[in-house]
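# A structural walkthrough
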Amino acid sequence: MKRRQFLQTAGLYAGLGGLSLPSWTSAQADGLKSGKPYAGTRLSLMLPPASQFRAQEKYLPQFEEATGIKVAYQYVPYGQLLEKITTEAVGGGTVYDMFVYQDSWLAALANYLRPLDTELRADGVDMNRYPGVYRNACSFDGATYGLPVRAHPQLLFYRKDLYEQAGVAPPATWDSLLSAGAAVQERSGVPGVVVDYVKGSGFQNLWLWFNCLWGHGSDVLDADQRPLFNNAAGVAATQAYVDLLLKHRIANPGSSQFNEYDMVNAMAQGNGATMMVWWWTYSVLTGDRSRLKPEQVGFAPMLRVGGPASPTVATVMPFGIARQSKNAEAAWEFMKWVSSPALEKAIVCDKSNPQTADIVATHIATYQDAEVNRINNGLHSVALKSLEGARTVPQMAMWPQVATVLESTVSEIVSTGKPVKTALNDAAAQVERSVRRSGGRRRG
């Protein structure tokens, strides 16, 4: 849909409740074919549970009315998703026409997904409507294998009341985090920062570590796929990360055993003044189970560890079409619909039902939309600033094996006091052996 058409249709349903999609005459400007050529087709989509997806399901009857295509959402726990996708794909199954996958899995799954570049060109779907990091997450070896329907930028959350009492501003750099965290902790007695260092929780303890690693000028592997994270910059980055707890002692003492959910809960229960995590956390911190009042919760763009252009981390879950699907054309009709800016805006503006209320958006236009930001307290405009220069984790088929080594290393350092250089050298030796055995592929 052209920008002017989008802006015209977007105004038809903005509001807090009772939202409806634009008329299907307008929606067909997104490229849905007239005449219902795929009427009677049944599609099945494998995906993890999320309020965003439950919200999409509310609108599926309108998609079926417009196209004659029926879509069934089949939910699988996130922890089982990769295994389920792999089993279906390797076995050549045709039960599922589409998958929702994690960006870091694309190198391993590309052979089982349908390239979409021909369809994108034919229907004029412009990938430039998404931030660069989201576009890159859907691409591997020069081909596009999905549309970024779900994604999370990092934000910095802070206690507005405690920061005001201490007379400090929310940190924009790592150094200002150290000083602000210390000032707030001294003034209030509340831990200045809450972090998640524990292993075994889906590599959660690496998300903030990546900001440090990239901000110090290092990376996981070099161009020849040799470990790079144990160079001088990597050692300095990791030392800075763990020193929040070990040296500066501004991290909640439980951080050595916290996973992401523990970290968020600690903040929500008043046991942390600052937290760096995905933007979905805002609904938890301001929700009914939080001890915080909404006016106590502040948020800012994710701080930069290096210079102003130093990368932050984003995570993306594209929708892709299974290569073996017998209904690929009908699946592409659904992909155009489910990724439309109009549907996205309708969902993020609808707060009428807590079970389907969601803030997740991926289009630049949505992040910049005045109505979206009014309803969501400016969250989207701040998130877009976090996405400037953002990156995802390396695209390599063996990323899960590498990440397992790295998350264990971080946890070991904070729990046993093992020297950072020694720990990273040991990890590098393990990773090098794994890369050599697997011939793992990587895209910068």
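Residues numbered from 1 in each chain as written. Predicted model: local features only at pLDDT ≥ 70, side-chain atom pairs only at ≥ 80, totals over all residues. Heavy atoms only, no water.

### What about helix H20 (residues 420–438)?
Since the α-helix packs 3.6 residues into each turn, any two residues three or four apart lie on the same face. Definition in use: Strands are runs of DSSP state E lasting at least 2 residues, helices are runs of H or I lasting at least 4, and numbering of each runs from the N terminus. Expected helix span is taken as 1.5 Å per residue step, with the number of steps being one fewer than the number of residues. Here a residue-residue contact requires only that any non-hydrogen atoms of the pair lie within 4.5 Å.
For H20, with 19 residues, the first-to-last C-alpha span of 27 Å sits near the 27 Å given by 1.5 Å per residue. Where H20 is buried, its residues contact helix H11 (232–246) and helix H19 (399–416).

### What to know about unusual backbone geometry
What counts, and what does not: Remark: exposure states derive from per-residue accessible area (1.4 Å probe, protein chains only) relative to the maximum for the residue type, with buried under 20%, exposed over 50%, and partly exposed in between.
In this structure, Arg-249 takes a positive phi of about 55° despite not being glycine. By secondary structure assignment, the location of Arg-249 is in the loop between H11 and helix H12 (260–268). The class for Arg-249 is exposed, based on a relative accessible area of 59%. In this structure, Asn-377 is a non-glycine residue whose phi angle is positive, near 60°. Among the secondary structure elements, Asn-377 is positioned in the loop between helix H17 (370–375) and helix H18 (379–386).

### Re helix H14 (residues 328–338)
Among the 11 residues that make up H14, 10 are buried, leaving the element largely enclosed by the rest of the structure. Restricting attention to buried positions, one finds in H14 the residues Ala-328, Ala-330, Ala-331, Trp-332, Glu-333, Phe-334, Met-335, Lys-336, Trp-337 and Val-338.

### Observations regarding the confidence of the model for the protein
Rules: Confidence scores per residue from the predictor, reported as pLDDT, run from 0 to 100.
Overall, the prediction assigns the protein a mean pLDDT of 91, with 92% of residues at 70 or greater. Within the model, pLDDT remains below 50 along residues 1–29, and this stretch shows 50 contacts once partners closer than five positions in the same chain are excluded.

### Quick word on the packing of H19 against H20
We count it as follows: Working convention: axes come from line fits to C-alpha atoms, limited for helices to the stretch in contact. Angles between N-to-C directions cover 0 to 180 degrees. To sort the angles, those under 35 degrees are grouped as roughly parallel, those over 145 as roughly antiparallel, those from 65 to 115 as roughly perpendicular, and the leftovers as oblique. Put simply, a crossing is left-handed when the front helix is turned counterclockwise from the back one by less than a right angle, and right-handed when it is turned clockwise. Three classes are used, and their members are as follows: Ala, Val, Leu, Ile, Met, Phe, Trp, Tyr, Cys and Pro are nonpolar, Asp, Glu, Lys and Arg are charged, and the others, Gly among them, are polar.
The contact between H19 and H20 brings their axes to 10 Å, and the two run at 165°. As summarised for this structure, H19 and H20 are arranged roughly antiparallel, according to the angle between their axes. Read as a crossing pair, H19 and H20 show a hand that is right-handed. Contacts between H19 and H20 involve Val-402, Val-405, Thr-409 and Ile-413 from the former and Val-420, Ala-423, Leu-424, Ala-427, Gln-430 and Val-431 from the latter. Looking at the contact of H19 with H20 residue by residue, the classes come out as eight nonpolar, two polar and no charged.

### A look at the pairing of strand E6 (residues 147–159)
Rules: Between any two strands, pairing holds if DSSP finds at least two bridges.
Among the 13 residues in E6, 13 count as buried, and that is most of the element. Both E6 and strand E7 (residues 274–278) contribute to a ladder of five bridges, which runs antiparallel. When the sheet's bridge partners are listed, Gln-154 is paired in E7 with Trp-278. Bridge count between E6 and strand E8 (residues 297–301): five bridges; the pairing is antiparallel. Bridge pairing in E8 places Leu-155 opposite Pro-301.

### Let's talk about the environment of Ser-411
By secondary structure assignment, the location of Ser-411 is in helix H19. We classify Ser-411 as buried; its relative accessible area is 7%. Linking Ser-411 and Val-194, residues 217 residues apart in sequence, is a C-alpha distance of 15 Å. Apart from the residues within four sequence positions on either side, Ser-411 is in contact with Tyr-197, Val-198, Lys-199 and Asn-205.

### A short note on the pattern of salt bridges
Let me state the cut-off plainly: We define a salt bridge as a contact between a side-chain nitrogen of Lys or Arg and a carboxyl oxygen of Asp or Glu at a distance within 4 Å.
Per the counting criterion, the structure on display carries 13 salt bridges. Close ionic contact of Asp-161 with Arg-159 constitutes a salt bridge, the shortest N to O distance being 2.8 Å. Pair check on accessibility: Asp-161 and Arg-159 agree, each one buried. Asp-369 is the salt-bridge partner of Lys-345, the closest N and O atoms lying 3.1 Å from each other. Within this pair, whereas Lys-345 is found in helix H15 (residues 341–349), its partner Asp-369 is found in the loop between helix H16 (364–368) and H17, the two being separated by 24 residues in sequence. Neither residue differs from the other here; Lys-345 and Asp-369 are each classed as buried. Through salt bridges with shared partners, a single network forms among Asp-123, Glu-333 and Lys-336.

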